[in-house]
Amino acid sequence: MLITWHVLSVAQAQSLTVKGKVSGEANVALPGVTVMVKGTNIGTATDPSGNFSLNVPAEANTLVVSFIGYQTQEVPLNNRTTVNISLVPDAKTLEEVVVVGYGTQKKSNLTGAVSTINAEALANRPITNSTQALQGTPGIYVNQASGRPGADAAAIRIRGIGTLNDSNPLVLVDGVEFPLGSVNPNDIESITVLKDAASAAIYGSRAANGVVLVTTKKGVKGKSQVSYNFYHGVQNPTFVPDVVSNSIDYMEGKNRALTNEGRPLEYTAAFIEEYRNGIANGDPYVYANTNWFDVMYQDAQIQEHALRFSGGTEKGLFSLSLGYLDQEGILLNSGAKRYTVNTNLSSEIKKWLKVGGTISGTLWNNQESSYTSNDENGEGGLMGLLYRGLPMQVPVNEDGSYADQWFRVPGHNVFRNTYALAYEGYKRDAAFRGLSNLFAEISLPHNLTYKITGAVNVGYNLRKYANPQIMLKNPKDGVITPMGNVPARMVREFSISDLNLTNFHTLTWNQKFGENEVSALAGFSIETFEDKSFSAAIQGFLDNQLTEINAGSSSPVVNGTSSRSALMSYFGRVNYNFKGKYLAEANVRYDGSSRFRVGNQWGLFPSFSAGWNIKEEDFMQDIGFLNNLKLRASWGKLGNQRIALFSYVAPISFYPYSFGTNVVSGAALSAVADPNISWETTIMTNIGLDFGFLNNRLTAELEYFDKKTEDILLQIPVPGQVGDLTGPIRNIGSVSNNGIEITLGFRDKVGDFSYNIGANATYVKNIVEKTNVAPIFFEQTITTTGYPFRSFYGLQAEGIFQNQDEITAHAKQGTGATKPGDIKYRDINGDKIIDNGDRVVIGNSVPKYNYSLNLGAAFKGFDFSAIIQGVQDVDTYVNGNLAQPYRNGAGVTQEWLTDSWTPENPNARLPRLTTSTGYPQNFQTSSFWIQDASYLRLKNIQLGYTIPQRWVQMIKVYVNAQNYLTISDFKLGDPERNITRAGLIEYPNNKMITGGLNISF
């Protein structure tokens, strides 16, 4: 017993129990606070009343107390066993600095509507184009319709669509206009999106579609750092059509369709039997069952490397980054490589003089077939031919030669072998984009700062096509013939360049008068834009190996153009802040554009905003759980000048004319012009409310916006009696976008486990308020008063006729005999005839809802993140190959053979099987073919582990999956598509799995 008592006494001497309570502002108890013994893994968390109890080793003398939203404290014990701790709020959340036009502001002082993305949110995601980085941002609809390497930029729409012209936002990189897609995502420090007039009016005539401000990474004071990031992965298409690849099924289905049309069969029973026996006898080169998507798609590799050197002292900062991306295309023999360099330097020459600048360059080298993978060459390029591929056609013969088809297939009088076209000839595209941005900043007396910036933004693109002659060999009789209905053997070269020179001057002033703080900015800028293009083409080459222009001998063609424009601007801003409670801001910009005639060249764009930090009021101080409450309101006027140059004058085109044996040049008007066109103007009102609860662990933002664009510029048609002339561009009407945004966030930490949840949703109602012209038709859409922009327009389907009695009782449809199994259309105007007079709006091409969910967690060395993103209440219309059966000899999907109407299958989803070209009645534009394009997508999910080490600053390994889960009712393709494009033909979007490594030292 004496021994036991002695052991217990020693144990008690080696540790003691420390109790206490942790509170925050106004002595409010804080639950979930982490209390750790410094230098150990010993710790606990406070209970709901803020109390804690912890066994502390006798030799320990310090507790480390941490809680999200408060400053971490180290508390000496000094042999105490009871410790009450009061945490101090961490002001960084509200004092966060946000980049705004021509400067920065504290987040707590913002009165406009902005969204920000930081480098941490982009880390380790396999983003191949920086436009994709904005997906999931509140108020922004980002749509990536293609995964084509080097051409996979996403469309960005901020708070709806307010123009019938270019709807892209203005993008500024370190203050200078520069394409977002030319910025390496690894070089981005932050992205700020200016969504309302108060924040964007400082950019005037270019801000109507919103403004995206990109800040690139710079050095920081302190120890120099070297970091290296790498990932490698595999890409696959997000969607592959369920195409019929069994030739017997294809032929029997085609015969059934023709029988339903009352037309002769294409494939006799004897031919089908011969084909069946050929398959059974194992002759796959003659009697093929080819799935062309299996042939043309591949598991595509992707890898990226990023190396950065950075650091700084009290007198200067530096950052140098190098980047390399190698992305193989999912489509055979396509791919792109990107090389980037970014240098960012700044130096304090004197206490009153700071100079610096950024020099960056991006080079894309893209290669694919000369037939191209996109929509060139009339059929949609290789993708178009892929969607026309048939199972009876084969890519190569047994001897490896390119195969021809051995029997004529209606709609395929010649076989354009997609596999051969992918590998023969080439299209090479080298695109360079560079930015040189230099500045000098001078501190003047009386808190004045003058800054001058000069920038050169240059782009150069060299594109070359080498179209070969391709020989095909008949797999049955061995006859070799050249491939037909493709471009002749030729070489085409294009040289495209642009030069944008920017110079702006700003003078800023800040002054405090007691509890009043005033800041002001005044500026002047001038920008010039110069574009040039040159092209040459020639035929008459002796073989496919000769691909230089001077090796051709016939049909030379040369073209060239150039243009210049300029924009001059005066701008200013005034901010007022009283005690951090009452905020006000006014902006103005006066722009002069060469795109309009004298008298209409200048436009004034003002904005006003105010904010009230309600939480700072005395009567709010006793509400402990509420840490932030701010009301914001703004109004402003923005502009849009993005139309073709010299649209205010009637253009003259030059043509060759023949007089007998002489050819002379002539000139004629080619378009009508309206000399009175002027700016599109957008007037926007915004009301916002910001909340912070539980020491800002829970945050919320509510926004209401009303955005109306007037004097929309649009080219309108002219009557044929006027002649073969293009119509003028005119100011024709107005469009409104109004809606709400909701953003929620929660973050917390329990011991070693921290987590965060963020969610946002945006609702936008888009309406064409008025047009001064007749309804504007574009493919299957209409733009007219009272409906959303480019609404789908067609017949209203009521179902499928089940019997002849239903047909007899209904209005007459089409010129042929309607039969059971056909689509029934509603007689809107009641005239007993279904025709164009019965067309109505049948779908919406502008998403009403856009939302995302962001998840994050960390435990010791492990971290996890996920981005879930989607759109809701948006439609699309599809026709063309595979969307419609046997269209002009193309293929068919399995659904048409298994779920089309028959007397035995009256509840089928699809009408009776016919060819879409032979029986067009069922394939008119109608609500039957409108598809819901809403979707929910797991955009990105990532798991990482930071390896404990002592020799380097950080080593992290991670795995990443992108686009790997999509939930949608749209089953004909990837729902993230060009919504108004009727066809399915598009380079596929990709899903990928990557693994990577980050090292810093």
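Residue indices begin from 1 for each chain and proceed along its sequence in written order. At least 70 in pLDDT is required for a residue's local features to be given in this predicted model, at least 80 for side-chain atom pairs to be given and counted, and no such filter applies to totals for whole chains, interfaces and linings, which use all residues. Side-chain numbers here rest on the full set of heavy atoms in the structure, without hydrogens or water.

As annotated in an unreviewed UniProt entry, the protein carries the name SusC/RagA family TonB-linked outer membrane protein and is attributed to Adhaeribacter aerolatus. Its UniProt record gives the protein a comment under Subcellular location (unreviewed entry), which states: "Cell outer membrane". UniProt positions are given in the numbering used here, feature names are shortened, and annotations may be inferred rather than shown by experiment.

Asker: Sorry, what's going on with the side chain of E304 here?
Answerer: Positionally, E304 belongs in strand β18 (residues 300–312). Assessed through its relative accessible area of 4%, E304 is described here as buried. Of the polar contacts made by the side chain of E304, one reaches the side chain of N186; its length is 2.9 Å. N or O atoms closer than or at 3.5 Å make up a polar contact, with two conditions inside protein: a donor-capable atom paired with an acceptor-capable one, and, for residues adjacent in sequence, both atoms drawn from side chains. At 2.8 Å, the side chain of E304 and the side chain of R338 are in polar contact. Secondary structure counts use DSSP, requiring at least four H or I residues in a row for a helix and at least two E residues in a row for a strand, with both numbered from the N terminus. Each residue gets one of three labels from its accessible area relative to the maximum for its type: buried under 20%, exposed over 50%, partly exposed in between, using a 1.4 Å probe on protein chains only.

Asker: What is the right way to read the pairing of strand β30 (residues 602–613) from this model?
Answerer: The two faces of the sheet receive side chains in turn, since in a regular strand these alternate between them. Should DSSP find at least two bridges between two strands, the strands are taken to pair. Judged from the eleven bridges that link them, strand β29 (residues 582–593) and β30 form a sheet pairing that is antiparallel. Bridging across to β30, V588 finds its partner in P606. As paired strands, β30 and strand β31 (residues 626–640) are joined by seven bridges and run antiparallel to one another. Counterpart to F608 in the pairing with β31 is W635.

Asker: Looking at this structure, I do not really get the UniProt feature "domain: TonB-dependent receptor plug" (unreviewed entry) in the protein. What am I missing?
Answerer: UniProt records the feature "domain: TonB-dependent receptor plug" (unreviewed entry) for residues 107–211 in the present numbering. Helix and strand shares over residues 107–211 are 8% and 26% respectively, and the end C-alpha atoms of the span are 18 Å apart.

Asker: Sorry if this is basic, but what is going on with the nonpolar core here?
Answerer: For soluble globular proteins, nonpolar side chains are generally found buried alongside one another. In plain words, nonpolar cores are sets of buried Ala, Val, Leu, Ile, Met, Phe, Trp, Tyr and Cys residues tied together by side-chain atoms within 4.5 Å. With 46 residues, the main nonpolar core has Y250, M251, Y267, Y275, M392, F407 and W929 as its most contacted residues. Sorting the residues of this core by element identifies α5 (247–261), α6 (269–280), β43 (797–800) and β45 (823–825) as the ones contributing at least two each. When residues of this core are assigned to their parent elements, the largest contribution, four residues, is made by α5. Contacts were defined at the residue level, with two residues in contact if any of their heavy atoms lie within 4.5 Å. For Y275, the contacting residues outside a window of four places in its chain are S247, I248, M251, V286, Y287, A288, P391, M392, W406 and F407. Listed in part, the 31 residues of the second largest apolar core include A300, L331, A420 and A883.

Asker: Explanation requested: the environment of F524 in the structure shown.
Answerer: Its place among the elements puts F524 in strand β27 (residues 516–539). Here F524 falls in the partly exposed class, since its relative accessible area comes to 25%.

Asker: Would you explain the packing of aromatic side chains in this entry?
Answerer: Working definition: an aromatic ring pair is given by the centre-to-centre distance plus the angle between the planes. Aromatic pairing here means that ring centres of Phe, Tyr or Trp (its six-membered ring) are within 6.5 Å. Orientation follows from the plane angle: under 30 degrees is stacked, over 60 is edge-to-face, and everything else is tilted. Tallied over the entire structure, the rule returns 37 aromatic pairs. Measuring from centroid to centroid gives 6.3 Å for F608 and W635, while their planes differ by 15 degrees, and the two rings are stacked. Of the two residues, F608 is situated in strand β30 and W635 in strand β31; the sequence distance between them amounts to 27 residues. Each residue in the set Y267, F271, Y275, Y287, W406 and F407 is aromatic and connected to the rest through ring pairs, giving one cluster. Here, a charge over a ring means that NZ of Lys or CZ of Arg falls within 6 Å of the ring centre while also lying within 35 degrees of the ring normal. The aromatic ring of Y935 is capped on one face by R937, whose charged end is 5.6 Å from the ring centroid. Sitting over the ring of Y964, K991 keeps its end group 5.0 Å from the ring centre.

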